[in-house]
Amino acid sequence: MPTLETSARNAACDAIVDLIDAGAGAGTLVFQTSGDVEVATLTFSDPAFGAASTGTATASAITSDTSATGGTVAQASAFDSNAAKVIEFTVSTSGADINLSSLTVGAGDTVSVSSLTITVPA
């Protein structure tokens, strides 16, 4: 398997995260059940991520959902402002792409993400 140089990793990572900025507004991070039903929707900053460094882009501030729909989280997806899915994340309480303190979210709960990175491997 080939190894990507840092410049290629940065370009690929920037291209991916820039898709979240497509459309007129900010993209969203939607936590979903295993049946793709929305549990909570958080809003990315616009732009959503800073420039990649060594193949990793770090999200700018993500606005919490202070009134979640509620349900059991199984996954999360990032969408652009036109509702086109860009990337899907695994979600758990540990060892996943996104780790939450609990996968059970009550109606009206606040759901927040303190940090999020996307990495293109070498």
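Heads up: the structure comes first, above all this text.
Residues numbered from 1 in each chain as written. Predicted model: local features only at pLDDT ≥ 70, side-chain atom pairs only at ≥ 80, totals over all residues. Heavy atoms only, no water.

A. Looking closely at the side chain of Asp65. Residue placement: Asp65 occurs in the loop between β4 (62–63) and β5 (71–72). Here Asp65 is buried and forms no salt bridge, its nearest opposite-charge partner Lys85 lying at an N-O distance of 17 Å. Within the structure, the side chain of Asp65 is placed 2.9 Å from the backbone nitrogen of Thr41, a separation counted as a polar contact. Each residue touching Asp65, except ones within four places of it in the same chain, is listed here: Glu38, Ala40, Thr41, Leu42, Asp109, Thr110 and Val111. (Helix = DSSP H or I, 4+ residues; strand = E, 2+ residues; numbered from the N terminus. Buried < 20%, exposed > 50% of the residue type's maximum accessible area, 1.4 Å probe, protein only. Lys, Arg positive; Asp, Glu negative; His and termini not counted. Salt bridge = Lys/Arg side-chain N within 4 Å of Asp/Glu carboxyl O. Polar contact = N/O pair within 3.5 Å; in protein donor to acceptor, adjacent residues only side chain to side chain. Contact = heavy atoms within 4.5 Å.)

B. Layout of helix α1 (residues 6–19). Its 14 residues give α1 an end-to-end C-alpha distance of 20 Å, which sits within 8% of 20 Å, the value for a rise of 1.5 Å per residue. Restricting attention to buried positions, one finds in α1 the residues Arg9, Asn10, Cys13 and Val17. Projection of α1 onto a plane perpendicular to its axis shows the buried side chains occupying an angular sector of 95°, all on one side. On the buried face of α1, the contacting elements are β3 (56–58) and β10 (117–119). (Expected span 1.5 Å × (residues − 1). Arc of directions from axis to C-beta.)

C. Region of the structure containing the sheet that holds strand β2 (residues 38–44). Here six strands make up an open sheet; going across it, the order is β4-β2-β1-β6-β7-β8 and the pairing mixed. Across the chains shown, the open sheet's two edge strands, defined by having one partner strand only, are β4 and β8 (98–99). Relative to strand β6 (residues 75–79), strand β1 (residues 28–32) is paired through five bridges, and the arrangement is antiparallel. If you follow Leu29 over to β6, its bridge partner there is Ala78. (Pairing = 2+ DSSP bridges.)

D. Structural detail: the packing of aromatic side chains. Taken as a whole and assessed by the stated rule, the structure comprises one aromatic pair. Ring plane angle 40° and centroid distance 5.9 Å describe the contact between Phe44 and Phe49, whose orientation is recorded as tilted. Taken as a pair, Phe44 and Phe49 share a single burial class, namely buried. (Phe/Tyr/Trp six-rings, centres within 6.5 Å; stacked < 30°, edge-to-face > 60°.)

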